[in-house]
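# Observations on the model geometry
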Amino acid sequence: MNMPSGFDRERVSTGAPSLDEIFMRSVARKPDELAFADPIDKARVTGQPPRRLTFAEADDAISALAAHFVGAGLPVASIIALQLPNTVELMLTTLAAWRAGLAVALLPLLWRQAELTDALNRVGARALVTCARIDGVNHADIAMQAAAEVFSIRHVCGFGDRLPEGMVSLNGVLADASDPLLLPERDARRPALITFDVTAEGLRAVPRSEAQTIAGGLAIVLDAEIRLGARIASTIVPASFVGLCASLVAALVSSSTLVLHHPFDLSALLRQIAETECDLLIAPAPLALRLGEQRLPLKFRTLRHVIGLWRSPEQAGTSVSWTAKPRLTDVYAFGEVGFLTARRDGDGNAVPIFPGPKPEGAAGSTMVSEAVVTRHGTLGLKGAMIPLAAYAPPRRRDQSLNAVLSDPLPLDYVDTGYAARLDRKTGAVCITSPPSGMIAVGGYRFLARDLNEWAQRLAPGTMLTALPDRLSGHRLAGRATDNARARAALAELGLNPLMSEAFRDRGGSA
């Protein structure tokens with residue numbers, strides 16, 4: 001493969017390889033093999049035709065995007081925020097940002113203007129990338145409105161047609177064959193990823209280095225035993241640390257093909273698995289278990305393994321047994337702190353997690369992450385992927401060193417807030433409930449007090465509450481004298497659709 005002139009491919013290593021260097025090794029080994037495949041129903045999601053890129057084609061597109069970001073004047077280590085669906089564009093833009101020496105901030109798709117503005121201001125993002133439309137929603141206009149309220153934003157880009165004035169189109173950049181600029185040397189120790197967590201103190205930005213991000217992907221690869229050159233079908237939108245690790249980073253580490261599915265269309269997913277001959281499926285754990293009960297994995301001769309992601313890990317212990325032929329690995333996500341992985345044994349039941357490092361040959365979590373039950377009765381996580389600094393409590397000026405050292409939680413652990421205890425008979429960690437005061441709807445977390453505050457902004461007598469839900473953790477329900485007016489009022493506040501749709505009409509009414 002001919003390298004563009006002016007492009008520094010011979011970078012001097014500063015230690016551990018960067019994510020871009022890991023990808024470039026795959027480009028060198030197998031340039032003509034498939035790297036990324038779009039959802040086959042991408043036209044439904046973004047209005048654009050699906051794409052399939054080889055490693056060489058993806059490398060060219062990444063180089064063009066990276067050169068565009070450098071040419072736009074984005075300094076090394078500045079932050080570029082992405083709000084994109086589970087399509088090839090998200091993977092290319094993430095890798096291009098890393099190649100250009102930028103840190104990527106992942107924004108959930110359900111976030112609207114209020115949440116976007118808050119997150120962008122918190123991290124001082126210099127650029128924002130989105131799509132014209134995602135699932136029928138005009139995300140380009142939402143991005144422009146949020147960017148107008150963020151002083152640090154200097155560059156707003158988008159994929160798709162009919163972008164608003166002032167937004168730079170990236171469609172032509174992907175096809176640009178011009179010589180890229182000289183790109184900066186990457187270092188795995190630099191910040192590479194920022195995700196957003198909701199804690200008792202509110203929204204929190206959680207930065208990670210490339211080394212920590214690679215550790216997360218490595219945990220998935222080791223415990224799921226992802227083979228080199230696998231074909232991975234992922235239904236998880238990478239808008240969180242665990243979502244990115246379970247899809248893009250795991251594919252990079254294992255030099256695999258990544259087949260993307262924007263959730264959720266069952267017939268499209270089954271067709272993708274069959275046509276691309278995928279041997280690994282990544283899906284939300286409740287969904288994976290339902291597919292297993294329906295014996296759907298047995299229809300595919302190539303499917304060898306399923307990874308189930310638990311956003312509500314306290315539900316895993318009472319989940320149904322996995323009876324399908326492919327093996328199942330559970331991934332327990334604890335907000336943005338980190339995750340634990342455990343491969344199910346022959347009986348199909350969830351494997352207990354034990355504190356401390358995993359014994360050699362055991363089926364539980366790898367040594368990339370460890371669990372501990374704190375004196376507070378909560379779960380703590382330790383390991384290479386855990387961002388200690390992001391969750392370290394601020395030290396008071398009058399706080400002595402002895403007080404810090406006597407804290408119930410060891411200094412190298414982060415408290416997830418999940419209630420946990422040790423089983424007296426087995427010594428396993430039992431996760432009993434999510435953090436107090438938190439509402440989790442799928443992969444989105446809110447403070448319980450926020451529900452009341454949002455309801456109080458509406459008409460008197462309006463109620464907004466969260467009800468337990470087996471599939472997504474919680475579901476929101478609202479009651480108002482005029483549901484349509486309540487939905488419109490919440491949308492005007494810039495809140496995400498989970499809030500407004502709590503006031504959907506029921507009982508068959510229009």
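For the structure itself, look to the data block above.
Structural notes, computed from the coordinates. All residue numbers here refer to positions counted from 1 along the written sequence of the relevant chain. Owing to the predicted nature of the model, reporting of local features is limited to residues with pLDDT of at least 70; listing and counting of side-chain atom pairs is limited to 80 or more, with chain, interface and lining totals taken over all residues. Only heavy atoms go into the side-chain values, all of them from the structure, while hydrogens and water stay out.

### Considerations on the packing of aromatic side chains
- Stacked, tilted and edge-to-face pairs are distinguished by plane angle, under 30 degrees for stacked and over 60 for edge-to-face with tilted covering the rest, among Phe, Tyr and Trp rings (Trp via its six-membered ring) whose centres lie within 6.5 Å. By the definition in use, this model includes five aromatic pairs.
- Seen in terms of ring centroids, Phe 241 and Phe 339 are 5.8 Å apart; in terms of plane orientation they differ by 35 degrees. Their pairing is tilted. Of this pair, Phe 241 sits in helix 9 (residues 241-253) while Phe 339 sits in strand 15 (residues 338-343), and the two are 98 residues apart along the sequence. By the burial criterion, Phe 241 is buried, and Phe 339 matches it.
- Members of the aromatic cluster, connected to one another through ring pairs, are Phe 23, Phe 36 and Phe 55.
- Taking NZ or CZ as reference, Arg 154 lies 4.8 Å from the ring centre of Phe 151, over its face.
- Working rule: Lys NZ or Arg CZ, within 6 Å of ring centre, within 35 degrees of ring normal, means a charge sits over the ring. The ring of Phe 241 has Arg 208 lying over it, and the distance from NZ or CZ to the ring centre is 3.6 Å. Put simply, DSSP marks the helices as runs of H or I at least four residues long and the strands as runs of E at least two long, and each gets a number from the N terminus on. Using a 1.4 Å probe on the protein chains alone, a residue whose accessible area is under 20% of its type maximum counts as buried, one over 50% counts as exposed, and one in between counts as partly exposed.

### Quick look at the packing of helix 1 (residues 19-29) against helix 4 (residues 88-99)
- A fitted line through C-alpha atoms serves as each axis, taken over the contacting stretch for helices, and the angle formed by two N-to-C directions is quoted from 0 to 180°. At a minimum axis distance of 9 Å, the contact between helix 1 and helix 4 shows a crossing angle of 115 degrees. Viewed along their axes, helix 1 and helix 4 form a crossing whose handedness is left-handed. In contact with Leu 19, Asp 20, Phe 23 and Met 24 of helix 1, helix 4 contributes Leu 95, Trp 98 and Arg 99.
- Residues are grouped as follows: Ala, Val, Leu, Ile, Met, Phe, Trp, Tyr, Cys and Pro are nonpolar; Asp, Glu, Lys and Arg are charged; all remaining types, including Gly, are polar. When its residues are assigned to classes, the contact of helix 1 with helix 4 shows five nonpolar, no polar and two charged. Handedness of each helix crossing follows the sense of rotation of the near helix against the far helix: counterclockwise by less than a right angle gives left-handed, clockwise gives right-handed. Contacts were defined at the residue level, with two residues in contact if any of their heavy atoms lie within 4.5 Å.

### Details of the pairing of strand 1 (residues 34-37)
- We call two strands paired when DSSP finds no fewer than two bridges between them. In this sheet, strand 2 (residues 52-54) lies alongside strand 1 in antiparallel orientation, the contact comprising three bridges. The residue of strand 2 that forms the bridge with Phe 36 is Leu 53.
- Relative to strand 11 (residues 257-260), strand 1 runs parallel, the two being bridged by two bridges. From the neighbouring strand, Ala 37 faces strand 11, where its bridge partner is Val 259.

### Observations concerning the pattern of salt bridges
- Within this document, salt bridges are pairs made up of a side-chain nitrogen of Lys or Arg and a carboxyl oxygen of Asp or Glu, the two lying within 4 Å of each other. Taken as a whole and judged by the stated rule, the model has 15 salt bridges.
- The salt bridge partner of Glu 225 is Arg 343, with a shortest N-O separation of 3.7 Å. Of the two residues, Glu 225 is situated in the loop between helix 8 (210-223) and strand 10 (231-234) and Arg 343 in strand 15; the sequence distance between them amounts to 118 residues.
- Put simply, Asp 20, Asp 59 and Arg 99 are held in one network by salt bridges that share partners.

### Topic: helix 6 (residues 139-147)
- For helix 6, every residue scored as buried is listed here: His 139, Ala 140, Ile 142, Ala 143, Ala 146 and Ala 147. An end-on view of helix 6 places all buried positions within 160 degrees of arc, on one side of the element.
- Buried residues in helix 6 make contact with strand 3 (79-83), helix 5 (113-123), strand 5 (127-131) and strand 6 (155-159).
- For this analysis, a polar contact is any N or O atom pair within 3.5 Å, provided that within protein one partner can donate a hydrogen and the other can accept it, and provided that sequence-adjacent residues contribute only side-chain to side-chain pairs. You can read the cap of helix 6 off the contacts: a side-chain oxygen lies 3.3 Å from the backbone nitrogen of Ala 140, and it is on Asn 138. By arc we mean the arc of the directions from the helix axis to the C-beta atoms, nothing more.

### Focus: the environment of Pro 238
- Mapped onto the elements of the fold, Pro 238 is located in the loop between strand 10 and helix 9.
- When the C-alpha positions of Pro 238 and Asn 86 are compared, they lie 7.0 Å apart, and in sequence the two are 152 residues distant.
- Discounting residues that sit within four places of it in the chain, Pro 238 has contacts with Asn 86, Leu 90, Met 91, Leu 106, Gly 243, Leu 244 and Ser 247.

### Section: the sheet that holds strand 3
- Overall, mixed pairing links the seven strands, which are arranged 7-6-5-3-4-8-9 in an open sheet. Looking at strand neighbours, the two that pair on one side only are strand 7 (168-169) and strand 9 (202-209), the edges of this open sheet.
- The pairing of strand 6 with strand 7 spans two bridges and is classified as parallel. Bridging across to strand 7, Cys 157 finds its partner in Val 168.

### Some points on the sheet that holds strand 19 (residues 429-433)
- If you walk across this open sheet you meet the four strands as 16-17-18-19, and the pairing is antiparallel. Edge strands, defined here as strands with exactly one partner in the open sheet, are strand 16 (369-373) and strand 19. Averaged over neighbouring strand pairs, the angle between their axes works out to 55 degrees when direction is ignored.
- Relative to strand 19, strand 18 (residues 414-422) is paired through four bridges, and the arrangement is antiparallel. Across the sheet, the residue bridging to Leu 422 is Val 429, located in strand 19.

### Quick notes on the packing of helix 8 against helix 9
- Where helix 8 contacts helix 9, the two axes come as close as 8 Å, and the packing angle between them is 80 degrees. If you check the angle between helix 8 and helix 9, you find them roughly perpendicular. From helix 8, Gln 212, Thr 213, Ile 214, Gly 216, Gly 217, Leu 218, Ile 220 and Val 221 reach across to helix 9, where they touch Phe 241, Leu 244, Cys 245, Ala 246, Val 249, Ala 250 and Val 253.
- Along the lines of polarity and charge, the residues of the contact of helix 8 with helix 9 split into 11 nonpolar, four polar and no charged. Every angle not falling under 35 degrees, over 145, or within 65 to 115 is termed oblique; those three ranges are roughly parallel, roughly antiparallel and roughly perpendicular.

### With respect to the pairing of strand 5
- For strand 5, the buried fraction is high: five of the five residues fall into the buried class.
- Every second residue of strand 5 is oriented toward a common face, with Ala 127, Val 129 and Cys 131 on one face and Leu 128 and Thr 130 on the other, all of them buried.
- Looking at chain direction, strand 3 and strand 5 are connected through four bridges and run parallel. Note on strand 5: the bridge partner recorded for Ile 80 is Ala 127.
- Taken together, the five bridges between strand 5 and strand 6 define a ladder with parallel strand orientation. By the bridge assignment for strand 6, Val 129 is matched with Cys 157.
- Assessed by its sense of winding, the connection that carries the chain from strand 5 through helix 6 to strand 6 is right-handed. Here the term right-handed applies to a crossover when the path leading from its first strand over the helix to its second strand runs clockwise, the strands being oriented away from the viewer.

### What to know about the environment of Ala 58
- Tracing the chain through its elements places Ala 58 in helix 3 (residues 55-71).
- Judged by its relative accessible area of 0%, Ala 58 is buried.
- As for Ala 58 and Met 91, which are separated by 33 residues in sequence, their C-alpha atoms are 9.3 Å apart.
- Beyond its immediate sequence surroundings of up to four residues, Ala 58 is in contact with Phe 23, Phe 36, Leu 53 and Leu 92.

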